[in-house]
Amino acid sequence: MMTSAVRTKNRLTSSAGRQRGMTLLETILAMVIVLIVIGVGLAYQFTSNDKELLRKASIRIEAMSSRGHAMSVLHQKPFWIRIERDKVVLAGADVRQQEPEDQIGVSGLTEDEEFSESNEEVYDTLEAGEAVIALRRWGTQEDAWIEPEEGESIVWQFQSTGLCEPVSIRVAREDSYIIMHMNPLTARVDEEEAVIVQ
């Protein structure tokens, strides 16, 4: 009996007889592409964090101003937003206390018709965190932003008649900011400008 051996080619080898794989150059190129994609994703993530922080703060400030405006008209008592260095506070007269009908004057106002912070009730607070909040009064220059110093505050008052001073409020972080121009009749954002630096 006769046996024979047959030699067959392995399908995984090339015609030259060596196995194919990724070269060092191809491996480095793939790693560089992956690192570029990760870098772009991280840059977008940090930029979106700034944008999200500013957007949330501006929405919350608008909600606080709208609420303060509505409460001042509904209860016929003064309310105000107090901007401090590290927070924004919605405060006003205590509407839960019932005053006698024969009492003259409005709770929270002093004799010279100015509000008194000693009679205030805090209704909402926004911690500013890393954001810097400033206010610009109507009729002032474009760069006349008032930022409260430590221990100081800026007050934006809502009248019981439904009017409030037209102001602009800036929420900023580093070079990014959102400016809200507030409507004096509704205490809501009338116009908004946003600059988000990447």
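Structure: above.
Residues numbered from 1 in each chain as written. Predicted model: local features only at pLDDT ≥ 70, side-chain atom pairs only at ≥ 80, totals over all residues. Heavy atoms only, no water.

## Some words on the sheet that holds strand S8 (residues 189-195)
Paired through their backbone hydrogen bonds, the strands of a sheet run either parallel or antiparallel. Spatially, the four strands line up as an open sheet ordered S4-S6-S7-S8, and their pairing is antiparallel. Each having just a single partner strand, strand S4 (132-137) and S8 make up the two edges of the open sheet. Across this sheet, the average inter-strand angle for adjacent strands is 15°, counted without regard to direction. (Pairing = 2+ DSSP bridges. Helix = DSSP H or I, 4+ residues; strand = E, 2+ residues; numbered from the N terminus. Axes fitted to C-alpha atoms, helices over the stretch in contact; angles between N-to-C directions.)

## What to know about the pattern of salt bridges
Where charged atoms from two side chains of opposite charge approach closely, those side chains can pair. Within this structure, the stated rule accounts for 11 salt bridges. We note a salt bridge from Glu84 to Lys87, for which the minimum N-O separation is 4.0 Å. Relative accessible area serves as the criterion here: at 25%, Lys87 is assigned to the partly exposed category. Taking the shortest distance from any N to any O, the salt bridge between Arg85 and Glu150 comes out at 4.0 Å. Placement of the pair is Arg85 in the loop between strand S1 (79-84) and strand S2 (87-93) and Glu150 in the loop between S4 and strand S5 (153-158), with a sequence separation of 65 residues. Owing to a relative accessible area of 46%, Arg85 belongs among the partly exposed residues under this scheme. In this structure, a network of salt bridges that share partners links the residues Arg82, Glu84 and Lys87. (Salt bridge = Lys/Arg side-chain N within 4 Å of Asp/Glu carboxyl O. Buried < 20%, exposed > 50% of the residue type's maximum accessible area, 1.4 Å probe, protein only.)

## Description of the sheet that holds S5
Here we have four strands laid out as an open sheet, ordered S3-S2-S1-S5, and antiparallel in their pairing. Two strands lie at the open edges of the sheet, namely strand S3 (120-127) and S5, each paired on one side alone. Strand after strand, the sheet turns through a mean of 20° between neighbouring axes, direction not considered. In the sheet, S2 pairs with S3 via seven bridges, with the strands oriented antiparallel. Paired with Val88 across the bridge in S3 is Leu126.

## Details of the environment of Ala70
Tracing the backbone shows Ala70 in helix H1 (residues 24-75). Residue Ala70 is classed as partly exposed on the basis of its relative accessible area, which comes to 43%. When the C-alpha atoms of Ala70 and Thr186 are compared, they prove to be 8.5 Å apart, with 116 residues separating the residues in sequence.

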